[in-house]
Amino acid sequence: MSDPAQTATEEHLPAPHPGLSAAEVAERVARGEVNDVPVRSSRSTAEIVRANVFTRFNAIIGVLFLIILVVGPIQDGLFGFVIVANTAIGIVQELRAKKTLDSLAVIGEARPTVRRDGAPRPIPTSGIVLDDVIELGPGDKCVVDGRVLEADGLEIDESLLTGEADPVLKRPGDPVMSGSFVVAGGGAFAAAKVGREAYAAQLAEEASRFTLVHSELRTGISQILKYVTWMMFPTAIGLILSQWILQDHDWREAVRRMVAGIVPMVPEGLVLLTSVAFAIGVIRLGRKQCLVQELPAIEGLARVDVVCLDKTGTLTEGGMDVSELRLLDGAAAPAGPGTGPGTGTGTGTASEKGEAYVRHVLGALGEADPRPNASLQAIIDAYPSPDGPHWQCTDSLPFSSARKYSGAALRSPDGESATWLLGAPDVLLPAGDPALAHVEELNAKGLRVLLLARATRGLDDPGVTDGVHPTGLVVLEQRLRPDAGATLRYFAEQNVSAKVISGDNAVSVGAVAAKLGLTGAKGPVDARRLPAEREAMGRALDEGAVFGRVTPQQKRDMVGALQHRGHTVAMTGDGVNDVLALKDADIGVSMGSGSEATRAVAQIVLLNNSFATLPSVVAEGRRVIGNITRVATLFLTKTVYSVLLAILVVCSQVPYPFLPRHLTLLSTLTIGVPAFFLALAPNKERAQPHFVRRVMRYAIPAGAIAGVATFAAYLLARHYYAGVGALDAETSAATLTLFLISLWVLAIIARPYTWWRIGLVLAMAAGFLVVLATPWLQHFFALKLVGATMPWAAVAIAAVAAAALELTWRWVGRRFPA
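This structure is a prediction, so every number in the text was calculated from the model and none was measured.

Each value, and the rule that gives it
Residues numbered from 1 in each chain as written. Predicted model: local features only at pLDDT ≥ 70, side-chain atom pairs only at ≥ 80, totals over all residues. Heavy atoms only, no water. Pairing = 2+ DSSP bridges. Helix = DSSP H or I, 4+ residues; strand = E, 2+ residues; numbered from the N terminus. Expected span 1.5 Å × (residues − 1). Buried < 20%, exposed > 50% of the residue type's maximum accessible area, 1.4 Å probe, protein only. Phe/Tyr/Trp six-rings, centres within 6.5 Å; stacked < 30°, edge-to-face > 60°. Salt bridge = Lys/Arg side-chain N within 4 Å of Asp/Glu carboxyl O. Axes fitted to C-alpha atoms, helices over the stretch in contact; angles between N-to-C directions. Parallel < 35°, antiparallel > 145°, perpendicular 65-115°, else oblique. Contact = heavy atoms within 4.5 Å. Nonpolar A, V, L, I, M, F, W, Y, C, P; charged D, E, K, R; others polar. 1 Å grid on protein atoms, 1.4 Å probe; cavity = no way out; pocket = protein on both sides within 12 Å on 5 of 7 lines; lining within 4 Å. Points joined across faces, edges and corners; volume = space filled by probe spheres on them. Patch = residues over 30% accessible without salt bridge, like charges linked within 9 Å, V, L, I, M, F, W, Y side chains within 5 Å. Areas by Shrake-Rupley, 256 points an atom, 1.4 Å probe, with all protein chains shown as cover. Left-handed = near helix turned anticlockwise from the far one by under 90°. Core = buried A, V, L, I, M, F, W, Y, C linked by side-chain atoms within 4.5 Å.

Draft legend 1. Summary view of the pairing of strand β2 (residues 119-122). One ladder, built from four bridges, connects strand β1 (residues 113-116) with β2; its direction is antiparallel. Bridge pairing in β2 places R115 opposite P120. Connecting β1 to the antiparallel partner β2 that follows it, the hairpin turn spans two residues, and D117 within it adopts a positive phi of roughly 55°.

Laid out in structure tokens, this is it:
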């Protein structure tokens, strides 16, 4: 098409806009007319520090710590140092996660192509200035507002902004909105609004930000913390009145005992461990070139029970190879470039003119598209434009996923003009056409087939596909991803249904999926025959596994139908036809090499373009959710028994059995240290909904048993001991009882046992024994077991409580299944 002998029409086409000069760019930068919207993948350092330091419970614990500093001694304020350590750990881990995310975000950042000094060059989005000329092609996202300068069949989807499903054909002078994306054709537009003035700038910034919201896990924890806050204040009032006025304690002792009753109610480490577990998940996935654009995506993918896969780019690699050119008069030609010019004289069909002519038509069609997709690129590679006189393209129709064909009006070197279409045979040909028999035969082998057909109408005619003359079949061999089969097997083992949803022929897609071992691949479904009604479509999707000839709007409808049936749906894709479905899915997963539009709407971007990374993401999510559920049970058991003990103390009008140092010791050995290890352990169980219910169904009865048994041991010790130092002996017996019961709760939560879990429980028991056996630690923690009778009685009460915990664990499992 670069031949000097051009038509008069082509000679008068305007020259491409050269774009801004370097001086013009510098002038606009100096005026501040730059696209400076801060699109971030993570929170700023200041936000991370503020979020970890200024929390509701840090404020409560901080006030209580200051009170202890006033009344002393310092060992009763150990809980304050624990909070400082927890906060520091949370900040460090989130900063590590931020560093990982920010480095990955730079790799995955969209780099639009702008024209500067007449030459196209990719630049960061933040480098665009006012009046920059930005080139567009299929899958490109419009990053700023502007006005179209050039359009070659340019179709833009604005549905993410306007809700209008149909693409809009753009002509020079038409407006372009940031946030929209190109579905077909190409062109260029001039930036009219940049930075915060752009239409979708604020929405884009929010959508790209690393966020901790919209998470069932965090919402559930916040709900629990809200209830705990409500309980703390009346409990504190009751305790201070009970210990100071009714017990006639010294006010300092009363305050210490009140603080001891309040501090263990706060599950402060639960929030920390949730943040740390998520942050470490981000770091682990970052090492595998997986960019998590929204933090809850890790949690969401752990809950997924249906994964919708786009075949191209997911099960198959992006590239293809032409394996055969089959002329429809029965002749066949191997792949490769043609030899010699066409023999056409302006009359007769292409098949009569021979194989060389068809090759030249295919080469001219490839040359007519400046941004070919994978199929057309394979044709270009196999049939390059011949030397000698060039074919001329007088009109073109870019490929669209909705149409499933492209076209061009071509003039051959000898002056013959014809309109050609290249696309899906079953879309271009009527049902029953003899050529479709060849197509089905090839599709059954997993090959992709395109039809080259001569049209009798113009490209701008809505009925251009009516009455076409089929000329040849281009057979494309798809390259299967070597890791796709193992990934599909992983999902099957994890009870996650895989649905292959593709725009290609259903039989061909089914054959590819069958090669990879997908269950149900031998019954592919043509999506054109799916019911439109949501419930009926959902039933059909539940029954099938492979769906072909799916339009972009249908992909979106299918995701909605599966969600309507109660499924948590993940959608993977890399093409512009996947954008709407990715946006609506519970979790959108894009390939790093995918279009800018898909990367923009996806929560997870696989920068290494490897479908095999998905199991790692699922496993990471399951580890986080499963382990946080475990440790939340530990923390909330402590909250429940702390509230119950406080109520029993107030009602019985006895001194509170513990000092803050006792509960700090118990919390560290039975919750804090083991919870940290349990939160980061491997866990492959699929995440279940109803986090709060799942945690509280065991935490409430376990906490009640621990509270009642500990208070019983305390009352027994009060009747047994008398005289000076009796309260210290009573406290020591109660502490021993509560430690043994809490250790048994830990032993239950740590199941199923592995060598390191058993070692963890035994190490915590040994730690308590060290405290009891070391004189200075005894003095520091005010622990001294007096005599043998009462300590063994405490052990016996703890053993009864442990048996009750075991029975309760089994009963809860049967009565309130997860």
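Draft legend 2. Seen up close, helix α20 (residues 552-564). With 13 residues, α20 extends 19 Å between its outermost C-alpha atoms, agreeing within 8% with the 18 Å of an ideal straight helix rising 1.5 Å per residue. Taken together, the buried positions of α20 are P552, Q554, K555, R556, M558, V559, G560, A561 and L562. Positive phi appears at G566, one or two residues downstream of α20, with a value of about 90°.

Draft legend 3. Geometry of the pairing of strand β7 (residues 181-193). For β7, the tally of buried residues reaches 11 of 13 residues, placing the bulk of the element in the interior. Where strand β3 (residues 133-136) and β7 come together, four bridges link them in antiparallel fashion. Of the residues in β7, the one forming a bridge with L136 is G187. Pairing of strand β4 (residues 145-157) with β7 involves 10 bridges; the strand directions are antiparallel. When the sheet's bridge partners are listed, R147 is paired in β7 with A190.

Draft legend 4. Focus on the packing of aromatic side chains. Applying the stated criterion to the full structure yields 11 aromatic pairs. With a centroid separation of 5.7 Å and 65° between ring planes, the pair formed by Y490 and F491 is classed as edge-to-face. Overall, the relative accessible area of 18% leaves Y490 in the buried class. Accessibility expressed as a relative area gives 2% for F491, which makes it buried. Between Y698 and W809 the ring centres are 4.5 Å apart and the planes differ by 90°, which places this aromatic pair in the edge-to-face class. Residue Y698 is located in helix α25 (residues 691-720), and its partner W809 is located in helix α29 (residues 789-815); the two are separated by 111 residues in the primary sequence.

Draft legend 5. Spotlight on the pattern of salt bridges. Tallying each qualifying case throughout the model produces 28 salt bridges. Across the pair E135 and R115 runs a salt bridge, and its minimum N-O distance is 2.8 Å. Here the residue E135 occupies a position in strand β3, and R115 occupies one in strand β1, the gap between them amounting to 20 residues. There is no split in this pair, since E135 and R115 are both buried. A single salt-bridge network, built from bridges that share partners, covers D426, D526, R528 and R549.

Draft legend 6. Spotlight on the packing of helix α17 (residues 484-493) against helix α23 (residues 614-652). α23 packs onto α17 with a crossing angle of 30° between their chain directions and a minimal axis gap of 10 Å. What the angle tells us is that α17 and α23 run roughly parallel. Seen from α17, the contacting residues are T487, Y490 and F491; seen from α23, they are L614, P615, V618 and A619. When the residues that make up the contact of α17 with α23 are grouped by side-chain class, the tally is six nonpolar, one polar and no charged.

Draft legend 7. Inspection of empty space enclosed by the protein at higher detail. Under the definition given, this model contains two cavities of 30 Å³ or more. One number sums up the size of the largest cavity: a volume of about 70 Å³. Around the largest cavity, the lining residues are L634, T637, K638, Y641, T670, I671, A706, I741, S742 and V745. Residue assignment for the lining of the largest cavity shows that the elements contributing at least two residues are α23, α24 (660-679) and α26 (726-749). Looking at which element gives the most residues to the lining of the largest cavity, the answer is α23, with four residues. Looking at side-chain class alone, the lining of the largest cavity contains six nonpolar, three polar and one charged residues.

Draft legend 8. Representation of a nonpolar patch on the surface in the model. A contiguous nonpolar surface patch, about 380 Å² in accessible area, is contributed by L66, L69, I74 and F81. You can call L69 partly exposed: its relative accessible area is 42%.

Draft legend 9. Looking closely at the packing of helix α4 (residues 56-71) against helix α9 (residues 251-262). Across the interface, α4 lies against α9 with an axial gap of 10 Å and an inter-helix angle of 155°. With respect to their mutual orientation, α4 and α9 come out roughly antiparallel. Seen from above, α4 lies across α9 with left-handed handedness. Judged by residue contacts, L64, I67, I68, V70 and V71 of α4 engage W251, R252, V255, R256, V259 and I262 from α9. When grouped by side-chain class, the residues that make up the contact of α4 with α9 number nine nonpolar, no polar and two charged.

Draft legend 10. Representation of α17 within the structure. Within α17, burial applies to A484, G485, T487, L488, Y490 and F491. Looking at the packing, one finds that the buried side of α17 touches β9 (306-309), β17 (497-501) and α23. In the stretch just after α17, N495 is the one whose phi turns positive, near 60°.

Draft legend 11. Region of interest: the sheet that holds strand β22 (residues 604-606). In space, the eight strands of this open sheet follow the order β8-β22-β21-β20-β9-β17-β19-β18, with mixed pairing throughout. Looking at which strands have only one partner, the edges of the open sheet turn out to be β8 (290-292) and β18 (525-526). Bridge count for strand β20 (residues 569-573) against strand β21 (residues 587-591) is four bridges, and the pairing is parallel. The residue bridging T572 from the neighbouring strand is V589, located in β21. Across the sheet, helix α18 (residues 506-515) lies against β17, β18 and β19 (546-548), angled at about 145° from β19, the strand it touches most. Relative to β20, α20 is tilted by about 160°, and along the sheet it contacts β9, β17, β19 and β20.

Draft legend 12. Quick peek at the nonpolar core. Ranked by size, the top nonpolar core spans 128 residues in total, and within it L301, L518, I604, F611 and V631 carry the most contacts. Of the residues forming this core, the biggest block, 16 residues, is contributed by α23. Leaving out residues up to four positions away in the same chain, L301 has contacts with A570, I587, I604, L614, V617 and V618. Of all hydrophobic cores here, the second largest spans 27 residues; its members include M320, V358, I379 and V474.

Draft legend 13. View of the environment of P167. As for its placement among the helices and strands, P167 is situated in the loop between α6 (159-162) and β5 (168-169). Residues P167 and L154, 13 residues apart in the sequence, show an inter-C-alpha distance of 9.6 Å. When sequence neighbours within four positions are dropped, the list of residues in contact with P167 reads E155, I156, D157 and V183.

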